[in-house]
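# Structural overview
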Number of protein chains: 2
Amino acid sequence: MIQLNIKSQAGFIYKQIYQALKNYILTNKLKAGDKLPSKRELAEQEQVSLNTVSNAYDQLLAEGYIYSIERLGYFVEDIAPFKNRNEERNHFPEGLRETDLDLTGWLSLSHNKIDLTDFPIKDWLKHQQIAFKENHLALQTIPHMQGPLTVRKTIARMLLFNRGVKCEPEQIILGAGTQGLLKQLIELFPKETVIGLENPGYPRFHQLFKDNGNKIEWIDLDKKGASMTAINQINPNILVITPSHQFPTGVIMPVSRRIDILNWALQDEKRYIIEDDYDSEFKYETDNIPSLQSLDKHETVIYNGTFSKTLFAGMRVSYMVLPIELLKKYQTVHRNLMCTSNMLELFTLSRFIEQGDYMSYVRKMNYKYDLKRKKLIQALENKFQNQIRIHSIPAGLHFIAEIKTEITYEAFTEKAIQQKLELSTLSYFKQTKTHSSDRLTIILGFAYIAQEDIEEAVARLYQIIN
Amino acid sequence: MIQLNIKSQAGFIYKQIYQALKNYILTNKLKAGDKLPSKRELAEQEQVSLNTVSNAYDQLLAEGYIYSIERLGYFVEDIAPFKNRNEERNHFPEGLRETDLDLTGWLSLSHNKIDLTDFPIKDWLKHQQIAFKENHLALQTIPHMQGPLTVRKTIARMLLFNRGVKCEPEQIILGAGTQGLLKQLIELFPKETVIGLENPGYPRFHQLFKDNGNKIEWIDLDKKGASMTAINQINPNILVITPSHQFPTGVIMPVSRRIDILNWALQDEKRYIIEDDYDSEFKYETDNIPSLQSLDKHETVIYNGTFSKTLFAGMRVSYMVLPIELLKKYQTVHRNLMCTSNMLELFTLSRFIEQGDYMSYVRKMNYKYDLKRKKLIQALENKFQNQIRIHSIPAGLHFIAEIKTEITYEAFTEKAIQQKLELSTLSYFKQTKTHSSDRLTIILGFAYIAQEDIEEAVARLYQIIN
């Protein structure tokens, strides 16, 4: 006879019955074909209601532990015993254990971080509430693979106005980050496609194209940005550049080089330029520099932008503008893809832009970042005097500086950790590791740090160097 | 002499000067090396302030149209003329033009849509506001590649409680959709990996593995789900199954088949099972069926779930639980990947779950969907009588039904459009197109349709068939 050992304190009775019978079956104490007591018998034996036993039996039936034959009762299913591998079950290795980072006492001059303290979260939430109502139907279904048309219309208008980008909403692909969009893009090209990447440049893109199996060629920079000599020598199929604010050197590509590169692309139908316009919304002293795409008359430029710098990186909204030929290919090759950006966020963003809140926030942040930038430059010059040479290009959210010192990059990085100062050096972004032994180039992000912490951060930097 | 033709009504004066000079330069009316008038001369000539001219010159300098030599003045840069391809600039092809869908008068029994009318948007927004404050620092920087640890901890607890999934938060990868996560997963395996897919099954996964270059083998179903005969014959490296509610047939895999499949996987170290638990939160009449992963003692199951059904598809939050060996590989291969889910949404969701709002919403919807399901089944039986056979498996958000008719799938689909009724047939999800000529199997989603529209939808379905 089955002993169920039911305790009134141990949770739902029907679950206890279910669990007990399941254990009997899985441990083979009840065998295939064995008849279970009738519901009534078991209810009487355990002094519980018939309904309780019924619930337990129904669950066992649903999961397939038992079967029923009309008028005959319930029987145990034929269930094979679990096989075992010889080894013990893996315990979770402590090396993989994550802990929350403790950033107490740290200051950051990272180029990756932005300032979110003035973000109008309440306005944003109001827009979200309305966006939810207005797009109720769209949110209940699977979104358009390129993102909702209405949002793309907004982005197209914004890009024309802010960046001179000429495109139809149909050419825009929205997605969760430039990385993912570029991955979708490169899958439209054959594996043997040669990619020209700026050196120094953005390592995540390097990894992406490398993982995809492409051949990578390095395009060195001169004072105008990606060097024409290098481009003409290598003739990549796809040239990836950051003309508005070269990453990480900050060079703004002058119009002469832009036209030279567009003319170069025209020489072969298979040539494309990827313009990564990652932080072009921020420009100090003068107006923004129009995008390279705005000068392109022959659909050779694939324009990429993001809200990671103007809003925040974790928002995961980027856009890619495809030339028509590539758009056709995209819609064929990726016809099964689902858009990766959050739709509610996209609809909210669209309202935020249309109502003017986005541009007024960007303008406000542009002003704030300008103040931080000036203060950081001033503080560096005061402290380091002739020891520092700042490339103070008035754009974006970082600049680079050369410091006269014999300290190595490795030692610098180690000391920066000791000083609890987060920042990057140029060496991380450079392919050719040849650099003079008497100077160090560092990347100084000014977006995240609070104004009142700038002096202290510069003091720590001075400690590291001297 | 330069004629600038400035109009006081035509916007900012400095922009007009900038634009006029830029045009002169780009059309070669001002040539490389030409000296521009001094700022003072131009200001006098145009009767504008010196500051206005200064702004225009600064912008031209910033973009590289002109250069300055101290004490000598401003000169035109050497800029190559634009080259042109022979062809005209592409006009946007009308075939690619998108229009907003007009769904007026349509009713939907699509399995893809959900009901969002009871979503507690106000509570959600409140959680979002708090989540924004609480995670201010995290939002200003680049997120963890697998998603924030705190959110993964919440999901791990939820999965254990709801689905019996045993995992550490470190094993969870968060991302914008199961599709993207499976793509990341398959990139951990060699190209020659053989994938076993359920037939009928989910076509987006088929496409994904095919595009990745894998060999696809079809696993037919029997009444217990993926057939052991087929599995043993094909022995795929990775078997992709939907044990909780087979898509699209709805079969709930009984425990005997689950154990057979786990035992099969143990026979070769290279075998893995992908469990796609896409709509397991909804179960009627009995409790939920625990996940396959909950029975797995040897880390052969890769568990996948999503919030697309419980919240909405456009939210783009899915999770994948990796066995430890695959986790190690993942962290190496994908070390440069950025998480694709929206961080603010993740933090909001985490609060929504922790505070109990998520489960109470799921329970509420489970009740509502159960009512719709019963009503739809009742309406179908009333209208079609013996002409229909409903496979009314009490789980998920859809069921299938066979209808006796000689109408073909093609004709059915065409007539459904005429009747403005959205729904899918089985033929779309089936690889082997052999089906009997006297019946038609359709997939009936009951989540989206309003209760009061069910009768009308069934009437249209009847119109289509008879």
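Counting from 1, residues in each chain are numbered in the order their sequence is written. Just so you know, chain letters begin at A and ligand numbers begin at 1, following the order they were written in. Only residues with pLDDT of at least 70 are given local features in this predicted model, and only at 80 or more are side-chain atom pairs given and counted; all residues enter the totals for whole chains, interfaces and linings. Side-chain measures were taken over the full set of non-hydrogen atoms in the model, leaving aside hydrogen atoms and water.

Helices and strands together make up the secondary structure of chain A, namely 15 helices and 16 strands. Its C-alpha atoms give chain A principal-axis dimensions of about 95 × 55 × 50 Å. Across the 466 residues of chain A, 59% fall into the buried class. Put simply, 72% of the contacts in chain A that link residues at least 6 apart link residues at least 24 apart. Each accessible area is a Shrake-Rupley result for a 1.4 Å probe, and residues are judged covered by the shown protein chains and nothing else. Summing over all exposed atoms, chain A offers an accessible surface of approximately 20,000 Å²; the carbon and sulfur share of this is 49%. A helix here means a DSSP run of H or I that spans at least four residues, while a strand means a run of E at least two residues long, and both kinds are numbered starting from the N terminus. Only protein chains enter the calculation, and the probe is 1.4 Å; a residue is then buried if its accessible area is under 20% of its type maximum, exposed if over 50%, and partly exposed in between. Should any heavy atoms of two residues lie within 4.5 Å, those residues are counted as being in contact.

Residues and elements named next belong to chain A. Axes here refer to lines fitted to C-alpha atoms; in helices the fit is confined to the stretch in contact. Angles between the N-to-C directions go from 0 to 180 degrees. One can describe the packing of helix 2 (residues 39-46) onto helix 3 (residues 50-63) by two numbers: an axis separation of 8 Å at closest approach and a directional angle of 120°. On the basis of the axis angle, helix 2 is oblique to helix 3. When the axes of helix 2 and helix 3 are compared, the crossing they make is right-handed. Judged by residue contacts, K39, R40, L42 and A43 of helix 2 engage L50, V53, S54 and Y57 from helix 3. In this count, Pro and Cys sit with the nonpolar residues alongside Ala, Val, Leu, Ile, Met, Phe, Trp and Tyr, while Asp, Glu, Lys and Arg are called charged and the others, Gly among them, polar. A per-class count over the contact of helix 2 with helix 3 returns five nonpolar, one polar and two charged. Roughly parallel means an angle under 35 degrees; roughly antiparallel means over 145; roughly perpendicular covers 65 to 115; every other angle is labelled oblique. In this scheme the crossing of two helices becomes right-handed for a clockwise turn of the near helix relative to the far one and left-handed for an anticlockwise turn of less than a right angle.

All names here are of chain A. Strands are labelled as partners when DSSP assigns at least two bridges between them. Reading across from one edge, 4-11-10-9-8-5-6-7 is the order of the eight strands in this open sheet, with mixed pairing throughout. On the outer flanks of this sheet lie strand 4 (172-175) and strand 7 (225-226), each paired with one strand and no other. Sheet topology places strand 5 (residues 194-199) next to strand 6 (residues 215-222); six bridges connect them, and they run parallel. Residue pairing across strands places N199 opposite D220, the latter belonging to strand 6.

Before going further, it helps to examine the state of the cysteines. Cysteine sulfur pairs qualify as disulfides if the two atoms are within 2.5 Å. Counted by the stated rule, this structure contains zero disulfides over all chains. The closest cysteine sulfur to the non-disulfide-bonded C167 of chain B is located on C339 of chain B, 16 Å from its own sulfur. Of all cysteine sulfurs in the structure, the one in C339 of chain A sits closest to C339 of chain B, which takes part in no disulfide; the separation is 15 Å.

Our focus in this paragraph is the domain arrangement of chain A. Entries for chain A in the domain assignment read domain 1 (13-76), domain 2 (107-114 + 362-465) and domain 3 (121-355). Bear in mind that the domain bounds are from an automatic or database domain assignment. Computed from C-alpha coordinates alone, the two centres of domain 1 of chain A and domain 2 of chain A are separated by 70 Å.

A few words now on the packing of aromatic side chains. The aromatic pairing rule takes the rings of Phe, Tyr and Trp, using the six-membered ring of Trp, and pairs them if the centres are within 6.5 Å, calling planes under 30 degrees apart stacked, those over 60 edge-to-face and the rest tilted. All told, the structure shown has 42 aromatic pairs over all chains when counted by the stated rule. Summarising the aromatic geometry, the rings of W124 of chain A and F352 of chain A are spaced 5.1 Å apart at their centres and angled 75° between planes, so their arrangement reads as edge-to-face. Highlighted residues: W124 of chain A in helix 4 (residues 121-134) and F352 of chain A in helix 12 (residues 343-354), separated in sequence by 228 residues. The same class applies to W124 of chain A and to F352 of chain A, which are both buried. Their ring planes at 70° and their centres at 5.4 Å tell us that F307 of chain B and Y358 of chain B sit as a pair that is edge-to-face. With F307 of chain B in the loop between strand 10 (301-306) and strand 11 (318-321) and Y358 of chain B in helix 13 (residues 357-384), this residue pair connects regions lying 51 residues apart in the sequence. Each member of the pair F307 of chain B and Y358 of chain B is classed as buried. A positively charged side chain is recorded as over a ring if its NZ (Lys) or CZ (Arg) lies within 6 Å of the ring centre. The angle to the ring normal must also be within 35 degrees. When the ring centre of F82 of chain B is taken as reference, the NZ or CZ atom of K297 of chain A above it lies at 4.3 Å.

Further remarks concern the sheet that holds strand 12 (residues 388-391) of chain B. Residue and element names in this part refer to chain B. The strand order across the open sheet built from four strands is 12-13-16-15, with neighbouring strands paired in antiparallel fashion. Either end of the sheet is taken by a strand with one partner, and the two such strands are strand 12 and strand 15 (424-425). Looking at chain direction, strand 15 and strand 16 (residues 439-445) are connected through two bridges and run antiparallel. Among the inter-strand pairings, T425 is bridged to a residue of strand 16, identified as I442.

Residues and elements named next belong to chain B. In this structure, R163 sits in helix 6 (residues 149-163). Using a relative accessible area of 3% as the deciding quantity, one classes R163 as buried. Polar contacts involving the side chain of R163 include one to the main-chain carbonyl oxygen of I289, which spans 2.7 Å. When near neighbours in sequence (up to four residues on either side) are disregarded, R163 contacts M158, S244, D277, S280, N288, I289, P290, S291, S294 and Y303. For the purposes of these results, a polar contact is taken to be a pair of N or O atoms within 3.5 Å, where, inside protein, one atom must be able to donate a hydrogen and its partner to accept one; residues adjacent in sequence count only when each atom of the pair is a side-chain atom.

Only residues with pLDDT of at least 70 in both copies contribute their C-alpha atoms to the least-squares superposition of the copies. The two copies are related by a screw motion: chain B maps onto chain A through a turn of 180° and a shift of 0.0 Å along the axis, at an RMSD of 0.1 Å. Taken together, the rotation angle and the small translation identify this as a two-fold axis. In this assembly the copies share their binding face: 99% of the residues contributing to the interface of chain B also contribute to that of chain A.

This next bit is on the packing of helix 4 (residues 121-134) of chain B against helix 12 (residues 343-354) of chain B. Residue and element names in this part refer to chain B. One can describe the packing of helix 4 onto helix 12 by two numbers: an axis separation of 8 Å at closest approach and a directional angle of 115°. The way helix 4 lies across helix 12 gives a crossing that is right-handed. In this structure, helix 4 uses W124, H127, Q128, I130, A131, F132 and E134 to contact helix 12, whose residues at the interface are L344, E345, F347, T348, L349, R351 and F352. Class assignment of the residues belonging to the contact of helix 4 with helix 12 gives a composition of eight nonpolar, three polar and three charged.

Let us look at the pattern of salt bridges. Opposite charge on two side chains allows them to pair when their charged atoms are near. Residue and element names in this part refer to chain B. What counts as a salt bridge is simple: a side-chain nitrogen of Lys or Arg found within 4 Å of a carboxyl oxygen of Asp or Glu. Following the criterion strictly, the structure yields 46 salt bridges over all chains and no others. Measuring nitrogen to oxygen at the nearest pair gives 2.9 Å for the salt bridge that ties K113 to E422. Of the two residues, K113 is situated in the loop between strand 3 (107-108) and helix 4 and E422 in strand 14 (residues 421-422); the sequence distance between them amounts to 309 residues. Residue classification places K113 among the buried positions, given a relative accessible area of 8%. Taking the relative accessible area as the measure of exposure, E422 reaches 30% and is therefore partly exposed. Of the charged contacts in the structure, one is a salt bridge between R373 and E285, with a shortest N-O distance of 3.8 Å. With a gap of 88 residues between them, R373 in helix 13 and E285 in the loop between strand 9 (272-276) and strand 10 connect regions that are remote in the sequence.

As a further point, take the interface of chain B and chain A. Residue-level contacts link 112 residues of chain B with 111 residues of chain A. Overall, the association of chain B and chain A removes approximately 10,100 Å² of surface from exposure, summing both partners, and the carbon and sulfur fraction of that is 55%. Inspection of the chain B/chain A interface yields ten salt bridges. Between K153 of chain A and D100 of chain B there is a salt bridge, with its nearest N and O atoms 3.9 Å apart. Residue contributions to the side of chain B that touches chain A peak at eight residues, all from helix 10 (residues 255-266) of chain B. Its residues assigned to classes, the side of chain B that touches chain A shows 48 nonpolar, 31 polar and 33 charged. Using a 1.4 Å probe, buried area is obtained as the accessible area two parts lose upon being combined, added over both of them.

Our focus in this paragraph is unusual backbone geometry. The step from F247 of chain A to P248 of chain A runs through a cis peptide bond, and the omega angle for that step is 0°. One can find P248 of chain A in the loop between strand 8 (238-241) and helix 10 (255-266). The linkage connecting N199 of chain B with the following residue, P200 of chain B, adopts the cis geometry, with an omega of 0°. By the element assignment, P200 of chain B lies in the loop between strand 5 (194-199) and helix 8 (203-211). One non-glycine residue, N235 of chain B, lies in the positive phi region at around 45°. Note that N235 of chain B resides in the loop between helix 9 (228-234) and strand 8 (238-241). Of the residues examined, N235 of chain B reaches a relative accessible area of 32% and is grouped as partly exposed. The residue R316 of chain B is not glycine, and still its phi comes out positive at about 55°. What makes R316 of chain B buried here is its relative accessible area of 5%.

Our focus in this paragraph is empty space enclosed by the protein. Empty space among the atoms becomes visible once a probe the size of a water molecule is rolled across them. We place a 1 Å grid over just the protein atoms. Points where a 1.4 Å probe fits but has no way out form a cavity, open points with protein on both sides within 12 Å along at least 5 of 7 lines form a pocket, and any residue with an atom within 4 Å of a point lines it. Grid points are joined across faces, edges and corners, and a volume is the space filled by probe spheres set on the points. Throughout the structure, instances matching the rule amount to ten cavities of 30 Å³ or more. Every residue lining the largest cavity is counted, 27 residues in all, and those nearest its centre are G180, Q184 and T340 of chain A together with G180 and T340 of chain B. Secondary-structure elements contributing two or more residues to the lining of the largest cavity are helix 7 (178-186) of chain A together with helix 7 (178-186) of chain B. The element contributing the most residues to the lining of the largest cavity is helix 7 of chain A, with five residues. Across the lining of the largest cavity, the residue classes tally to eight nonpolar, 13 polar and six charged.

The subject of this paragraph is the confidence of the model for chain A. Mean pLDDT for chain A: 94, with 98% of residues reaching 70 or above. Two summary scores accompany this predicted model of the complex, namely pTM at 0.94 and ipTM at 0.94. Known as pLDDT, the predictor's confidence for each residue is given on a scale from 0 to 100.

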